Amino acid sequence: METSGLTDRNRELYGRYFGICTSYHHSKGCFCTKCPSYPGKGMMFCARKNQHKTLLKAGCLCLDCHTHETFRLDGDYFCVGL
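Residues numbered from 1 in each chain as written. Predicted model: local features only at pLDDT ≥ 70, side-chain atom pairs only at ≥ 80, totals over all residues. Heavy atoms only, no water.

A. Representation of the packing of aromatic side chains. Throughout the structure, instances matching the rule amount to zero aromatic pairs. Seen from the ring of Y77, K57 lies directly overhead, with NZ or CZ sitting 4.9 Å from the centre. (Phe/Tyr/Trp six-rings, centres within 6.5 Å; stacked < 30°, edge-to-face > 60°. Lys NZ or Arg CZ within 6 Å of the ring centre and 35° of its normal.)

Take a look at the structure:
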């Protein structure tokens, strides 16, 4: 399936999974702050992208996260800012 240029641009600007709801409800289920690789600032990196560009990979909780399951995400280490 091919994506439109606008969708590709939005993913580039807002993260690889543009469209994830960052509401209070979903942020309560976010595991970022409990993760061993947490960079110390921010949360819901799967939706917002890590602006601090940490390179630390000390373990990942993404696959166990409510947000990851709810939005059927693919991948892990969203906080690394790939």
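B. Main features of the environment of H52. If you trace the backbone, H52 turns up in the loop between helix 3 (45-48) and helix 4 (66-70). Overall, the relative accessible area of 46% leaves H52 in the partly exposed class. For the pair formed by H52 and C79, sequence separation is 27 residues and the distance between their alpha carbons is 8.8 Å. (Helix = DSSP H or I, 4+ residues; strand = E, 2+ residues; numbered from the N terminus. Buried < 20%, exposed > 50% of the residue type's maximum accessible area, 1.4 Å probe, protein only.)

C. Region of the structure containing the side chain of T67. When you line up the elements, T67 lands in helix 4. Setting aside residues up to four positions removed in sequence, T67 forms contacts with I20, H26, G29, C30, M44, C46 and L73. (Contact = heavy atoms within 4.5 Å.)

D. Local environment of empty space enclosed by the protein. Scanning the entire structure with this criterion turns up one cavity of 30 Å³ or more. Computed from the structure, the largest cavity encloses a volume of approximately 140 Å³. What lines the largest cavity is a set of 15 residues, among which F31, C32, C62, C65 and F78 lie closest to the centre. At the level of elements, helix 3 and helix 4 are the ones that each hand at least two residues to the lining of the largest cavity. In terms of residue class, the lining of the largest cavity is made up of 13 nonpolar, two polar and no charged. (1 Å grid on protein atoms, 1.4 Å probe; cavity = no way out; pocket = protein on both sides within 12 Å on 5 of 7 lines; lining within 4 Å. Points joined across faces, edges and corners; volume = space filled by probe spheres on them. Nonpolar A, V, L, I, M, F, W, Y, C, P; charged D, E, K, R; others polar.)

E. Structural detail: the environment of F78. Tracing the backbone through its elements, the reader meets F78 in the segment after helix 4. You can call F78 buried: its relative accessible area is 6%. Distance from F78 to C32, taken between C-alpha atoms, is 9.2 Å for residues 46 residues apart in sequence.

F. Quick look at unusual backbone geometry. Residue M44 is not a glycine yet carries a positive backbone phi of 50 degrees. The residue M44 is located in the loop between helix 2 (24-28) and helix 3 in this model. We classify M44 as buried; its relative accessible area is 0%. Even without a glycine there, the phi angle at Y77 is positive, about 50 degrees. Here Y77 shows up in the segment after helix 4.

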